[in-house]
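# Commentary on secondary and tertiary structure
Here's the letter readout for the chains.
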Amino acid sequence: FLHEMDVPGDWWEMFGSPVINQLIEEALKSNPDIEAAQAALRQANENYAAQAGVQLPQVNGSASVSRQQSTTTGTTFNLFNASVGVSYFLDAFGGLRRAVEGSGALEENSRFSLEATYLTLISNVITGAIQEAALSAQIAALEDIIAAQSQSLDLLNQQFELGAVARGDVLAQQSQLAATQASLPPLQRNLIQTRNLLSILLGRYPSEAAIPMLDLVDLKLPQELPLTLPSKLVEQRPDVRASEALLHYATAQIGVATANQLPQITLSASGSDVANTGTDFFDGQFLGWNVAAGLTQPIFRGGTLEAQKRAAVDAYQRSAAQYRSTVLNAFSNVANVLTALQLDAETLRVQLYAEQTAEQSLEITQERFQAGAIAYLSLLDAQRVYQQARIALVIAQGNRFADTVALFTALGGGWWNREDVIPTTEASYTPP
């Protein structure tokens, strides 16, 4: 591990697999969860723009035309009326500003929720591809073992016909072969289910064309893995940043609820013109205007405003607790992954040695059995040990790759180093 090593934006390329690169590229283009998160972010952007517009003066225009008749003279005439009104809410106690701040926090939450969706999708695609490769390798190992056991059974039948072995030895080999064959269908079922899951992640139906296959031997472990300081982890994890944005929104809502209890001041002005014909609007004969200021102070609302403020405070306390929980889970996640990687390395080393030793032992045992130097039960034991060692090695390799993916995920996935990320403004508060 390297301390203070930053996570690259395209960290999956560190595995050196064109298949993984292809799968991720297709998933990012076609996965419906990404499309939904992108639409949610666009919606949050528009809601923020709409809320920000309330802070500006509001201008309204109106026009009307009517046909009227004088009751005294009986004269019928047209009356044209046009007016323009300007109103401005004087945000003396910051209610509108806090509402806009809260809307911006929701936009930031949507932005980091999108980043979390990206990271989850990428991680699931890589993990699914690794799991598929591991299952394929296990199936290949079982098929090789089944072939070897079938050959041993044929040889044993020949020796039985010559009277060199007992019938019990033949039955024991048949039982071992059947047990090995029975372990194959569950792996094949898991492989099909994993491929179907990958198809969904790529935005395809399971019945569509086959997806590219990954081979574990073509996958390499990154030579350098990053470690991040705890202070940076809080800045990098998209789930932590999304929770932080919700906490920011909750603080803003307290300000909104407080401002609603205070006087509301409105300034307004309007100008109007009345004419009998459209061309008379420009002579200024009936032009009028007015300027006004209004103040509204809530006096009695049945406790509604105070209850809304208390509810906003409770919502803040809930968001603060959820934020702390998210941070704690993030640190726990990283700690668990680091522990798993250390144990994976040791497990892989031991399993590799066990597989090599079991293979050499099986070769020697087969030679001695064919030479008639040992009983068949010894060969049966050697086959079983090698079968277990080979499959265990594949599982250990898959776990090492999967936990490496989990490390990059736990550290935030390097979204801040991607070129397509729009910079966000820093929050104007410090989370607890």
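By convention here, each chain's residues receive numbers from 1 onward along its written sequence. Given that this is a predicted model, residues contribute local features only at a pLDDT of at least 70 and side-chain atom pairs are listed and counted only at 80 or more, while totals for whole chains, interfaces and linings are drawn from all residues. The side-chain quantities take in all heavy atoms of the structure and omit both hydrogens and water.

### Structural notes on the pattern of salt bridges
Between Lys or Arg on one side and Asp or Glu on the other, a salt bridge is scored when a side-chain nitrogen of the former is within 4 Å of a carboxyl oxygen of the latter. Evaluation of the coordinates by the stated rule reveals 11 salt bridges. Put simply, E26 and R204 hold a salt bridge, and the shortest N to O gap is 2.6 Å. Residue E26 is found in helix α1 (residues 18–30), and its partner R204 is found in the loop between α5 (184–201) and β4 (226–227); the two are separated by 178 residues along the sequence. A relative accessible area of 17% means that R204 is categorised as buried. Among the salt bridges present, the one from E107 reaches R111, with a minimum N-O distance of 3.5 Å. Highlighted residues: E107 and R111, both in helix α3 (residues 95–161), separated by 4 residues, approximately one helical turn. The helix and strand labels rest on DSSP assignments: H or I over at least four residues marks a helix, E over at least two residues marks a strand, and numbering proceeds from the N terminus. The classification of residues rests on relative accessible area computed with a 1.4 Å probe and restricted to protein chains. Under 20% of the type maximum is buried, over 50% is exposed, and intermediate values are partly exposed.

### Here's the deal with the packing of α1 against α3
As a packed pair, α1 and α3 sit with axes 10 Å apart at the nearest point and diverge in direction by 140 degrees. By the angle between their axes, α1 is oblique relative to α3. Of the two possible hands of crossing, α1 and α3 adopt the one that is right-handed. On α3, the residues that touch I20, L23, I24, A27 and L28 of α1 are Y118, L121, I122, V125, I126 and A129. When residues are grouped by polarity, Ala, Val, Leu, Ile, Met, Phe, Trp, Tyr, Cys and Pro land in nonpolar, Asp, Glu, Lys and Arg in charged, and all others, Gly among them, in polar. Taken together, the residues of the contact of α1 with α3 break down into 11 nonpolar, no polar and no charged. In this description, a line fitted to the C-alpha atoms serves as the axis of each element, helices being fitted only across the stretch in contact, and the angle between N-to-C directions of two axes falls anywhere from 0 to 180 degrees. Roughly parallel means an angle under 35 degrees; roughly antiparallel means over 145; roughly perpendicular covers 65 to 115; every other angle is labelled oblique. Note on convention: the crossing is left-handed when the near helix lies turned anticlockwise from the far helix by less than a right angle, right-handed when the turn is clockwise. Whether two residues touch is decided by their heavy atoms; if any such pair falls within 4.5 Å, the residues are in contact.

### A look at the sheet that holds strand β6 (residues 288–296)
Here the rule is simple: two strands pair whenever DSSP picks up at least two bridges between them. If you walk across this open sheet you meet the 4 strands as β2-β3-β5-β6, and the pairing is antiparallel. Only two strands of the sheet have a single partner each, and these edge strands are β2 (58–69) and β6. On average, each strand axis in the sheet is inclined to that of its neighbour by 20 degrees, with strand direction left out of account. Relative to β6, strand β5 (residues 264–275) runs antiparallel, the two sharing 9 bridges. Residue pairing in the sheet places L267 in a bridge with A293 of β6.

### Some remarks on the side chain of Q176
Secondary-structure assignment places Q176 in helix α4 (residues 167–182). In this structure Q176 touches Q149, L380 and Q387, once residues within four positions along its chain are discounted.

### So, the confidence of the model for the protein
Looking at the protein as a whole, the pLDDT averages 87, with 93% of positions reaching at least 70. Averaged pLDDT values for the elements of the protein fall to 53 in strand β1 (residues 2–3) and rise to 95 in helix α7 (residues 238–259). pLDDT under 50 marks residues 425–432. Its contacts with residues more than four places away, or in other chains, come to 17 contacts. Confidence scores per residue from the predictor, reported as pLDDT, run from 0 to 100.

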